[in-house]
Amino acid sequence: MSATWNIIDGEFTHSDLPVSIAAVMVRPYPPEWWYITDGRLTHSALPPSPKAGAFCGCTSLKSVSIPESVKSIGEFAFADTALTRVKIASDCTYYPTSFPDGCVIEFYDGGE
Amino acid sequence: MSITGTGTIDDPYVVTTWDELAEKAALGSSSAPVYVKLGNDINALDEYPDGNIPRITLAANVDGDGRTIRNIYSTQTSNSLFFITSGSLSNVKLKNIYTYQSVFFTTTHITASRRTAVQDCEISGVCHNYFYSAGENCAAFQRCSLNITGDSELTESNYPPLFLSCFIRFRSPSARMFLVNSVGSSRYQMLEGSYIEADMPALTNLTRSSGDTDTKDTAVYIDNCVLDIKTNGEFSLGCSSGARARSILRASHAPNVTGVANITAVDETHWLDAEYLSSIGFSIEVAE
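Please read these numbers as outputs of a predicted model, since none were measured by experiment.

1. Observations regarding the overall build of chain B
For step 1, the next point in the chain: Check the secondary structure of chain B and you find 3 helices and 26 strands.
For step 2, the next point in the chain: Relative to its full complement of 288 residues, chain B shows a buried share of 57%.
For step 3, the next point in the chain: Excluding contacts between residues fewer than 6 apart, the proportion of contacts in chain B whose partners are at least 24 apart in sequence is 60%.
For step 4, the next point in the chain: When the accessible area of chain B is evaluated, it comes to approximately 10,500 Å², of which 45% is carbon and sulfur surface.

Quick look at the structure:
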């Protein structure tokens, strides 16, 4: 064998040796290949997680009055509604998915 | 896109899908060679998302032209993704393989000459079977870079496979890496100028016969290689001794290795010490 090894950047190599390849599997995975994304266990054949908010999908819901005493609004609570603007307490916690895309969120203390 | 070309060496068939590749790669023989080239990258999931992907018979000489075939997903447990007969596969990247069958399989079409059938390829993915299985004599892999996660041996064959200047990264719970069935009293080159980086915690033998005896595991030559094999237990390298080119084994990752012939275990202090490695007979460049 004529190949003479060398050490480059801490790696053994020689002129005829290919570089090592790193990736074994990258997305997209085949069907039923499970993986964790955004903290959820899912697999490639599963549809997106169902939305389970209280008013989710109420497409005729155009306005809602949320008392200042409400301090928490769950994921998808008002997703897929016709809301364009809501007012909530400034210390109320909510998720990016709590309201439909583009809905303006106002706060009782005057902020937006 | 339709297939172009006439299949000659100067005007190869140019294929752009898995089905087209399967159609044209199956043509030809050693006496009437056919040539095929990939015309673009192929996403096999586009054609076969259900895992029922048909085998590619490599009777023709397929040049990947540096392109990639990705997402090769197979749920079949018999056969192989590529069945090499008289052909070859070169200069292609096979990425995101996920298969329950072997990636490559050869039979008696590969003669005792052990000709190179796969060269200049990058191959990575998950293989729930032998990566390479051979019914008789083995083909050679040359200048290939493998990154395979498996759950059995890397290869299974009657006679030892041949890896020339290959980078092999392999993870498996198997107790063996190369399963050799019936090599008899002959000696065969198995690894030459190659880098083996393996994570095999249950490894007991680098090579082993199917009967789980060690009578065959001394029937291979391992020359001029770097072996970096992580394992928890005691294992046998099982290569043939004699005046062979020196190979080195990373001792810190395989603390209980036994049966070393022309393979020198090197501790961590000297692992990247070219001067020391040269002094023990390993063919390595030493700075002036």
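Still more ground to cover, so stick around.
2. Here's the deal with the overall build of chain A
For step 1, the next point in the chain: Scanning chain A from terminus to terminus reveals 0 helices and 6 strands.
For step 2, the next point in the chain: Overall, chain A shows an N-to-C arrangement of helices and strands of β-β-β-β-β-β.
For step 3, the next point in the chain: Across the 112 residues in chain A, those meeting the buried criterion constitute 30%.
For step 4, the next point in the chain: Long-range pairs, those at least 24 residues apart, make up 12% of the contacts in chain A between residues at least 6 apart in sequence.

3. Quick look at unusual backbone geometry
Residue and element names in this part refer to chain B.
For step 1, the next point in the chain: Phi is positive for Asp65, which is not a glycine, with a value near 55 degrees.
For step 2, the next point in the chain: Along the chain, Asp65 falls in the loop between strand 5 (61–63) and strand 6 (68–74).
For step 3, the next point in the chain: We classify Asp65 as partly exposed; its relative accessible area is 35%.
For step 4, the next point in the chain: Positive phi, close to 55 degrees, is recorded for Asn96, a residue that is not glycine.
For step 5, the next point in the chain: Mapped onto the fold, Asn96 is located in strand 9 (residues 93–99).

4. Quick notes on the sheet that holds strand 9 of chain B
Residue and element names in this part refer to chain B.
For step 1, the next point in the chain: In spatial order, the strands read 3-6-9-12-15-18-21-24-25-26; together these 10 strands make up an open sheet with parallel pairing. If you trace the sheet from one side to the other, it starts and ends with strand 3 (42–43) and strand 26 (263–266), each paired once.
For step 2, the next point in the chain: Bridge count for strand 9 against strand 12 (residues 122–127) is 5 bridges, and the pairing is parallel. Directly across from Ile97, in strand 12, lies its bridge partner Gly125.

5. Structural notes on the nonpolar core
For step 1, the next point in the chain: Core analysis: the biggest nonpolar cluster contains 67 residues, and Trp18(B), Phe82(B), Leu94(B), Phe104(B), Ile123(B), Phe131(B) and Met177(B) have the highest contact counts within it.
For step 2, the next point in the chain: Sort the elements by how many residues they give to this core and helix 1 (residues 18–25) of chain B lands first, with 4 residues.
For step 3, the next point in the chain: Once you skip the residues sitting within four places of it in the chain, Phe82(B) turns out to touch Trp18(B), Ile56(B), Leu58(B), Leu89(B), Leu94(B), Val103(B), Phe104(B) and Phe105(B).
For step 4, the next point in the chain: Judged by nonpolar contacts, the second largest core, of 14 residues, contains Ile73(A), Phe78(A), Ile105(A) and Phe107(A).

6. Notes on the pairing of strand 12 of chain B
All names here are of chain B.
For step 1, the next point in the chain: Counting buried positions along strand 12 yields 5 of 6 residues, so the element is predominantly enclosed.
For step 2, the next point in the chain: In this sheet, strand 15 (residues 145–150) lies alongside strand 12 in parallel orientation, the contact comprising 6 bridges. When the bridges of strand 15 are listed, Ile123 appears paired with Leu146.

7. What to know about the interface of chain B and chain A
For step 1, the next point in the chain: The partner chain A presents 26 residues to the 40 residues of chain B that form the contact.
For step 2, the next point in the chain: Both sides together, the interface formed by chain B and chain A hides about 2,700 Å², and carbon and sulfur atoms give 63% of it.
For step 3, the next point in the chain: Area buried by chain B at its contact with chain A is led by Asn96(B), Leu272(B) and Glu285(B), which between them contribute 18% of it.
For step 4, the next point in the chain: Between chain B and chain A we count 12 residue pairs in polar contact (both at pLDDT 80 or more) in total.
For step 5, the next point in the chain: If you list the elements that add at least two residues to the side of chain B that touches chain A, you get strand 6, strand 9, strand 12, strand 15, strand 18 (167–171) and helix 3 (274–279) of chain B.

8. Thoughts on the side chain of Ser133(B)
For step 1, the next point in the chain: By the secondary structure assignment, Ser133(B) is in strand 13 (residues 132–134).
For step 2, the next point in the chain: With residues near it in sequence (within four places) discarded, Ser133(B) still touches Ser102(B), Phe104(B), Phe105(B), Thr106(B) and Glu156(B).

9. Observations concerning the packing of aromatic side chains
For step 1, the next point in the chain: Scanning all chains against the criterion turns up 22 aromatic pairs over all chains.
For step 2, the next point in the chain: Centre to centre, the rings of Trp5(A) and Tyr195(B) are 6.4 Å apart; their planes meet at 50 degrees, and the pair counts as tilted. With Trp5(A) in the segment before strand 1 (6–8) and Tyr195(B) in strand 21 (residues 195–199), this residue pair bridges two chains.
For step 3, the next point in the chain: Pairing Phe104(B) with Phe141(B) gives two aromatic rings, centres 5.6 Å apart and planes at 75 degrees, and the pair type is edge-to-face. Of this pair, Phe104(B) sits in strand 10 (residues 102–106) while Phe141(B) sits in strand 14 (residues 140–142); the two residues are 37 residues apart in sequence, bridging distant segments of the chain. Judged on exposure class, the residue Phe104(B) and its partner Phe141(B) are both buried.
For step 4, the next point in the chain: It is Lys24(B) that lies over the ring of Tyr13(B); its NZ or CZ is 4.3 Å from the centre.

10. Details of the sheet that holds strand 13 of chain B
Residues and elements named next belong to chain B.
For step 1, the next point in the chain: Spatially, 4-7-10-13-16-19-22 is the arrangement adopted by the 7 strands of the open sheet, whose pairing is parallel. Among the strands making up the open sheet, the edge pair consists of strand 4 (56–58) and strand 22 (205–208). Direction aside, neighbouring strands of the sheet carry axes that sit 15 degrees apart on average.
For step 2, the next point in the chain: Where strand 13 and strand 16 (residues 155–157) come together, 3 bridges link them in parallel fashion. Bridge pairing in strand 16 places Tyr132 opposite Thr155.
For step 3, the next point in the chain: Contacting strand 4 and strand 7 (80–84), helix 1 crosses the sheet at an angle of about 35 degrees to strand 4.

11. Comments concerning the confidence of the model for chain B
For step 1, the next point in the chain: When pLDDT is averaged along chain B, the result is 87; 90% of the residues meet or exceed 70.
For step 2, the next point in the chain: Note on the complex model: pTM 0.79, ipTM 0.86.

Reading guide: rules and limits
- Residues numbered from 1 in each chain as written.
- Chains lettered and ligands numbered in written order.
- Predicted model: local features only at pLDDT ≥ 70, side-chain atom pairs only at ≥ 80, totals over all residues.
- Heavy atoms only, no water.
- Helix = DSSP H or I, 4+ residues; strand = E, 2+ residues; numbered from the N terminus.
- Buried < 20%, exposed > 50% of the residue type's maximum accessible area, 1.4 Å probe, protein only.
- Contact = heavy atoms within 4.5 Å.
- Areas by Shrake-Rupley, 256 points an atom, 1.4 Å probe, with all protein chains shown as cover.
- Pairing = 2+ DSSP bridges.
- Core = buried A, V, L, I, M, F, W, Y, C linked by side-chain atoms within 4.5 Å.
- Buried area = accessible area lost by both parts, 1.4 Å probe.
- Polar contact = N/O pair within 3.5 Å; in protein donor to acceptor, adjacent residues only side chain to side chain.
- Phe/Tyr/Trp six-rings, centres within 6.5 Å; stacked < 30°, edge-to-face > 60°.
- Lys NZ or Arg CZ within 6 Å of the ring centre and 35° of its normal.
- Axes fitted to C-alpha atoms, helices over the stretch in contact; angles between N-to-C directions.
- pLDDT = per-residue confidence, 0-100.

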